[in-house]
Amino acid sequence: MSVYFDHRIQAPESSNVPSQLTWHPALPVLAVASSNSIAGSNVDLYLQEGEYVESCHVERPDQPTVLRWHPTKPVLALGWENGEVLLLTHPSGDQTVLPNTHTTCITLLEWSSSGSRLVTGDQIGALAVWKVDARGRLQGNHLVKHEYKEHLTCCIFRPASPGDDVAMLARASVSGDESALDMFSWKGAPLKMGPQEGLAFYVSTANGKVHRVDEQGKTSTLLSVEGAIKKLFYLEKREALAVITETLMLSQYTLGPEGGAQEFMKVKLSSKSGHNIDIVWTENSLLITATGEQLIRLWDLERDDNYVLSLDETLGFERGEMINCVSYCAGKGILAAGTSHGRIAMWRMVVQPDSSRGDTKAQWKLQTPTEIEGNVTQLQWGSSLNLLAANNSNTVLILCEHVMSAHFSQQVAAVQLTPTQLSITHFTTGVHLALQSDIHIKGVCVTKVTVELKLNFSISSQSLSLFFANFPGSFACDSHVVAVHGENLYTVEPNRVQIRTQQGTVKQLLSFSKAEGNPVLLSVCQSYLVVGTDTAHIRVFDLTRRDAKAHCSAKNLADQIANLGALRSVKCNANGSQISILISQVNGRPDQKVYFYDVEMDTVTHFDFFIGRPSSGVLQPDDSERQQFQGTELSGRCPISLFWDESEPRVFVCETVPVSSESSSTSYLDDMVDVSVVTLFCTQEHGLLLQDCYSKPPGLQSLLALDVPYYYFSCKLLFRRGGVFRPEVNISATSAPPNQPPRGSTAQFPHMVSRRALRDFVGLENCEKATRDAMLNFSFYLTIGDMDEAFKSIKLIKSKAVWENMARMCVKTRRLDVARVCLGNMGNARAAKALKEAEAEPEPEVQVAMLAIQLGMLEDAEKLYKCCQRYDLLNNFYQASGQWQQALETAENHDRIHLRTTYYNYAKYLESMGDKTQALAYYENSDTHRVEVPRMLQDDTLSLENYVNKMKDKNIYKWWAQYLESQSDMDSALRFYECAQDYLSLVRVHCYMGNIQKASEIANDTGDRAASYHLARHYEGHDDIKQAVHFYTRAQAYNNAIRLCKESGLDDQLMNLALLSNPEDMMEAACYYEEKGTHMDRAVALYHKAGYVSKALELAFATQQFSALQLIAEDLNENSDPILLARCSDFFIKHSQFEKAVELLVAAKKYHQALELCVNQNLTITEELAERMTVTDSKHLSEEARKDLLERIADCCMRQGNYHLATKKYTQAGNKLKAMRALLKSGDTEKIVFFANVCRQKELFIMAANYLQSLDWRKNTEILKTIIGFYNKGRAPNLLAGFYEACAQVEIDDYQNYEKALNALTEAFKCISKAKDSSPGQQEVRLADLQHKITLIKKFVHARRLYAEDAGEAVRLCEALLEEPELDPAVRIGDAFGFLVEHHCQQGNFQVAYRKLEELQKLLPSQNVRYYVSQASLEALQKELNVPMDCGDRRHSMKEEDEVEEDLNVS
């Protein structure tokens, strides 16, 4: 809560009526221009509290037109009516007149963002740009001058593009960011140091044009609008220009990089005609206008939204009060508006924590107005202190915000109401006083007998009596903090604290060393004074004696607390053992921790409200921290104020706000900010223990003090008019001071302090000290978990009220064990019983909620049910407490399983209250209206009939028809039964009325079983057996129909009915046929259908019914009787139905007989039959017999050609060799390879490899690899060597690839070398033979490779090779001769080539030489020697023809 001190400027007597005012942007210096048409005009400067600066007086005969401060330097630019421009420097008063550039009235003055340029413009369109140095001094003549020939209206500089943040780059460089480090390197581009100054600007004229002047001073027309331009604004986020004309037409233009402008929005602003318009532009793109109405209009150009803010008469504004001017303070987020009745309205922008700005109307909260005299015509915020200057046409007032002072001590509270008025309340006696001061009050301290007021530069001491106040002393003192204890006053000055009397006499000095710093904080609690210094030192003094004595040595907190910037608050407890500290961090932000300094132990601990936990060094009780702080919402908060109890040293309280609101002072806290009051126990043995945490009630401003059993709060003001103040909320009688007038009455002195009882003392506010101490000890011991000490502290208390209060405490602390003892001492048996029954619930919160309900703490019970999410019990709770709307909402949103029940109970409640219309709707919602609504309306027949006709519900039709039937209105009853489609009732009524034919039609048409049964009973009663059997059949009452058929001898119908009925009826009908001796086939069929197969077979064999036997046998399976199966199989064998016989034998587990039958009768064994004959357990056959059976099955499958099935059975029998043979016969290569890999037996690998050799492995490399792999796995090197030899021969014969053949023979040689042959002689012979082949092939391969390098040597080697004995088949003779023929043809020795060719033909007369000699060489020989080369071909073809003829003859 804050007030505004208003300081009237100390204007000289010669000054005239103020016309203009402007603040320096940073310094607390105000420039005021006053004018008089007769005596001329002057401009004066004033300081923060209105002090006149004599040295800076400027007086001229002409009127001042424009005043503009330099953005950083104390230099004021003044423009005059005669075209003069003057620079006034504060505080020296130096005046610099710019060279004569303008000859008419100056209309604009504008500084660049850093003040290096000044733009001046006049009424005839002359514009000049001046350069100013870093000290604010003019540099020579103007840089640029332009003539626009039109009245210049506005000028704005365009901000430059942001440069590099040097501090951010430095931090990034230190952390290792190489790119940031490179920007500081001399190798990179020059670094832009901070934001650069924009020198380009825009200037507007009265004819609607906007001109752009760039950095070089060149001008160009940017855009043009209709009418004179009143305001120019630059939207930095959008890089757009906003233009407002005299007719309030708003246009927005996007600015291109090359200077172009494109309009994208145009709108007409609302206004009141004939009134001066005040327009304000904010940095967040908010346009605010005041047009002489009771409201101001706001346009959010960034979000394209608009809304209005109006005055509220309930806050003290009057009807017809108009708003003349507006001003916005970005630092405080306050919008101020001056009214025609001398009030300043202020709206504070409120942003909810962690949420975006959604509803813009809810962002502004109207504050209590500040009243000044006259008509407020001009307002302006300014300076870094956020001061507000107001012009009321007679003088100028400077308003500075001041937090209202308040203090509480020794049951006396003082709260500042106005800058000069205090409200004082003495709670012990109920006395209420109001103190008025002649000058502004800046601080207050109270004791039981005195009130110390800190005025501007003086301190006044006032004594309190029962009904009056007097001033025993007042003295001058320059101390920004004051404390009082008894009759002593404590003030500060550099490096010491002064102890004074009430008249100001210094009694004692408490000195501080230079290292300890200057005292800045004072706080007194009981008889201890704690002092905090600007160097973060604290000292505690004992005030119990005549002179103050040091209680402990000075403590430097900077050594204990990291990141400490400054102390915000220091408070000590009642015995001086604990000091609580709030600090600001080095960056200026409030710390989220409360620090505690233990004087005796010389240790510092803390409670961190950001995480909601104390420091790790603080001792905790046996209960875990989770239990201690369960259910509290302490995390993410920041403390803003703290207090100790004045008499109890263990109790500590502080106010906390969300972290997002931490920067706000307590005076700015709004109702939307969630302020929590947290109470802790702080002891040396147990550390910090949470005692209570609750949200501050609305209407209370801030916490003043804690004095058990009460918290004391200052109240908010609703409005003021004529000096009368009223709290925002009504304070309850229990928490208000005595003799407080009720809400709504006119109070001469408003009560500004409210007190609220601690949680543990609700209902015990007026108890004696012994009870209060006992309750406090009980709460403390209960918090630490020491139940023995807790009960000891209250064992002598007999009051039921105390025990009930402790039981209420148990709800808060969730200590059910203590609650049981309290209930016992209260004698509340019902509550104890309910608590015991609640123990069956698994959630402890449910049990505590039941306790709360029994104690009448319904809000706590509601919160507990919500906390544990037991919405079913919460629903019941709402219903029991009559909160039906909450019950319905809970059921609809969270407890839908009980939604219909809730609707039903609410309908019952409404019915009991006589609201049948609403009850009817909720009966329908609960889906019970079919019964409950007719019951509810049964006394109102007309309404009930209307409801029946309206609903058109079958069940309701039926109920109404039954009612009409009871009233003997049969025709109407039949009509409604028909509407309800209740055919049973229709048939029943028609039978009653004798309309049997109609009843039969209904039963036949609808097929309703109940109606048919009723009609059948009616026919049976009238001996119409045929119709009775018919309708019993339609009703599916087959037993009744069978009974009538047996009694009446209807054997034909009996069979059909029995087949439709259940097995019992079938058995009964079969016995009937058997006893009667006729229709035995029907008896057999019924026995079979009823499941009595043995009886059916016995009867079928006895009566030789073979067709029936065959039908019965189809239903036999392995679960049937084996003897029965054997008999049936013999029957089928005799009748040559062998397949059926086999199935029955298998079902009877006679597998050998079944297999023998298959073999003898050549029956195909299917896979299904084979699986059925495969025995999986050893109960029926031994393991050997089972394997023998499987092999016999496999043998049979082999004979039948079912190789895959045979393989499967051989495998199941364990004979994998036979299984492989079966697979080999099947020729399934994929399964053969798979089976060999799975079995991993040598023999199987060899068999599989041998099989694979029969395939075309020459073209399939995968088969080739598999063969080699299988021979290796089968450890058959001889076979593998033979395979390699075959591969080599194939390479020679088919492809003449001797290199691959050589590799294959080498591998074969390796395999034979590794083999362990039983006959070493044969192995050596084979090795020698292979070695000989390898040698010959190597020579031939060498000769072929050598040919490219030395053809003659290669030919010599080849001819030598032909002389080798046994050359063929290692090297084919034809290949050797072909090599020689090719060589001689290439060399041109065709005669030699021909001789070699003839030798080849002689050696191989039966072979075609074309296999060995290329076609090109043969053609060359034929061409050169003219010798035919087809003789060999002809002989070869003749031989082939002879072979064909021989084959034909043989065939």
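Residues numbered from 1 in each chain as written. Predicted model: local features only at pLDDT ≥ 70, side-chain atom pairs only at ≥ 80, totals over all residues. Heavy atoms only, no water.

Further remarks concern the overall build of the protein chain. Across its full length, the protein chain holds 46 helices and 64 strands. Each of the 1451 residues in the protein chain was classed as buried or not, and the buried ones make up 49%. The long-range fraction of contacts in the protein chain, counting pairs at least 24 apart against all pairs at least 6 apart in sequence, stands at 46%. When the accessible surface of the protein chain is summed, it comes to about 69600 Å², and 48% of that surface belongs to carbon and sulfur atoms. (Helix = DSSP H or I, 4+ residues; strand = E, 2+ residues; numbered from the N terminus. Buried < 20%, exposed > 50% of the residue type's maximum accessible area, 1.4 Å probe, protein only. Contact = heavy atoms within 4.5 Å. Areas by Shrake-Rupley, 256 points an atom, 1.4 Å probe, with all protein chains shown as cover.)

Two elements in contact, helix 35 (residues 1216-1226) and helix 36 (residues 1229-1239), have axes separated by 10 Å at closest approach and are oriented at 165°. Overall, the two elements helix 35 and helix 36 adopt an arrangement that is roughly antiparallel. Crossing of helix 35 over helix 36 shows left-handed handedness. Where helix 35 approaches helix 36, its residues K1216, A1219, M1220, L1223 and L1224 are matched on the opposing element by K1231, I1232, F1235, A1236 and C1239. (Axes fitted to C-alpha atoms, helices over the stretch in contact; angles between N-to-C directions. Parallel < 35°, antiparallel > 145°, perpendicular 65-115°, else oblique. Left-handed = near helix turned anticlockwise from the far one by under 90°.)

Strand order across the open sheet formed by four strands is 2-3-4-5, with antiparallel pairing between neighbours. Strands with a single pairing partner mark the edges of an open sheet, and in this sheet they are strand 2 (17-23) and strand 5 (52-60). Along the sheet, successive strands turn relative to each other by an average axial angle of 20°, direction set aside. Pairing between strand 2 and strand 3 (residues 30-36): six bridges, direction antiparallel. Bridge pairing in strand 3 links V17 to S35. (Pairing = 2+ DSSP bridges.)

What follows concerns the pattern of salt bridges. Here the structure, examined in full by the defined rule, presents 37 salt bridges. For R297, the salt bridge identified is with E293, shortest N-O distance 3.2 Å. Residue E293 is classed as buried on the basis of its relative accessible area of 18%. Close ionic contact of E371 with R343 constitutes a salt bridge, the shortest N to O distance being 3.6 Å. You can see E371 sitting in strand 30 (residues 370-371) and its partner R343 sitting in strand 28 (residues 343-349), a full 28 residues away along the chain. Taking the relative accessible area as the measure of exposure, R343 reaches 6% and is therefore buried. When salt bridges with common partners are traced through the structure, they connect E318, E321, R343 and E371 into a single cluster. (Salt bridge = Lys/Arg side-chain N within 4 Å of Asp/Glu carboxyl O.)

Residues H90 and P91 are joined by a peptide bond in cis, for which omega reads 0°. Position of P91 among the secondary structure elements: in the loop between strand 8 (85-89) and strand 9 (95-97). Cis peptide bonds are those with omega within 30 degrees of zero, and the linkage from V708 to P709 qualifies with 15°. Note on placement: P709 falls in the loop between strand 60 (700-707) and strand 61 (710-715). Located in the positive-phi region is L248, a residue other than glycine, with phi close to 60°. Examined against the element boundaries, L248 turns out to sit in the loop between strand 19 (240-245) and strand 20 (249-255). We note that Q411 has phi near 65°; this positive angle belongs to a residue other than glycine.

Time to look at the packing of helix 44 (residues 1390-1403) against helix 45 (residues 1415-1425). Packing of helix 44 against helix 45 leaves a shortest axis separation of 10 Å and a crossing angle of 120°. Here helix 45 runs oblique to helix 44, going by the angle between their axes. Seen along the crossing, helix 44 lies across helix 45 with a hand that is left-handed. Across from F1390, Q1391, A1393, Y1394 and L1397 in helix 44, the residues of helix 45 making contact are L1418, A1420, L1421, E1424 and L1425.

With respect to the helices and strands, H1079 occurs in the loop between helix 25 (1063-1076) and helix 26 (1080-1090). Taking the relative accessible area as the measure of exposure, H1079 reaches 34% and is therefore partly exposed. Sequence separation between H1079 and D1051 is 28 residues; the distance between their C-alpha atoms is 9.2 Å.

To continue, consider helix 37 (residues 1242-1253). In this model helix 37 runs 17 Å from its N-terminal to its C-terminal C-alpha over 12 residues, within 8% of the 16 Å that 1.5 Å per residue would give. Buried residues along helix 37 sit in contact with helix 35, helix 36, helix 38 (1261-1273) and helix 39 (1277-1295). (Expected span 1.5 Å × (residues − 1).)

The next point concerns the nonpolar core. Counting residues in each nonpolar core, the largest one holds 71 residues, and the members touching the most others are Y711, F778, M806, V811, L851 and L855. Of all the elements, helix 6 (residues 800-813) adds the most residues to this core, at seven residues. By size, the runner-up hydrophobic cluster in this structure holds 67 residues, among which are F1235, Y1298, L1336 and F1340. (Core = buried A, V, L, I, M, F, W, Y, C linked by side-chain atoms within 4.5 Å.)

A separate point is the confidence of the model for the protein chain. Looking at the protein chain, pLDDT values average 79 and 81% of them are 70 or higher. Within the model, the stretch residues 464-470 combines pLDDT values under 50 with 19 contacts to residues more than four positions away or in other chains. Counted against residues more than four places away or in other chains, residues 617-632, with its pLDDT under 50, gives 34 contacts. (pLDDT = per-residue confidence, 0-100.)

One pass over the full model with this rule turns up 30 aromatic pairs. Ring centres 5.0 Å apart and planes at 80° place the aromatic pair F596 and F652 in the edge-to-face group. Linking F596 in strand 53 (residues 593-598) with F652 in strand 57 (residues 651-658), this pair joins segments that are 56 residues apart in sequence. In terms of burial, F596 and F652 fall into one category: buried. Between Y711 and F713 the ring centres are 6.4 Å apart and the planes differ by 50°, which places this aromatic pair in the tilted class. For the pair Y711 and F713, one class covers both residues: buried. Members of the aromatic cluster, connected to one another through ring pairs, are W884, Y903, Y906, Y909 and Y922. Cation over ring: R539 sits above F512, and NZ or CZ is 4.9 Å from the ring centre. The positively charged end of R650 is found above the aromatic ring belonging to F780, 4.8 Å away from the centroid. (Phe/Tyr/Trp six-rings, centres within 6.5 Å; stacked < 30°, edge-to-face > 60°. Lys NZ or Arg CZ within 6 Å of the ring centre and 35° of its normal.)

In this section: the sheet that holds strand 56 (residues 637-644). The strand order across the open sheet formed by four strands is 56-57-58-59, and the pairing between neighbours is antiparallel. Every other strand in the sheet has two partners, leaving strand 56 and strand 59 (687-695) as the edge strands with one partner each. Sheet twist, expressed as the mean angle between neighbouring strand axes with direction ignored, is 25°. In this sheet, strand 58 (residues 676-683) lies alongside strand 57 in antiparallel orientation, the contact comprising six bridges. Within the sheet, the bridge partner assigned to F652 lies in strand 58 and is L680.

What follows is about the state of the cysteines. Applying the stated criterion to the full structure yields zero disulfides. This cysteine, C525, is not joined by any disulfide, and C572 carries the nearest cysteine sulfur, 5.3 Å off. With no disulfide of its own, C822 lies 4.4 Å from the sulfur of C810, the closest cysteine sulfur. With a relative accessible area of 0%, C822 lands in the buried category. (Disulfide = S-S within 2.5 Å.)

Let's shift gears to the pairing of strand 31 (residues 378-382). Looking along a regular strand, one sees side chains alternate from face to face of the sheet. When strand 31 meets strand 32 (residues 387-391), the two strands line up antiparallel, connected through five bridges. Paired with Q378 across the strands is N391, a residue of strand 32.

Moving on: the environment of L888. Mapped onto the secondary structure, L888 falls in helix 12 (residues 884-893). Separated by 18 residues in the primary sequence, L888 and Y906 have C-alpha atoms spaced 8.6 Å apart. Setting aside chain neighbours within four positions, we find L888 in contact with T902, Y903, Y906 and Y922.

Time to look at the pairing of strand 58. Counting buried positions over the eight residues of strand 58 gives eight, a clear majority of the element. Here strand 58 shows two buried faces, one formed by S676, V678, L680 and C682 and the other by V677, T679, F681 and T683. The loop that links strand 58 with its antiparallel partner strand 59 comprises three residues.

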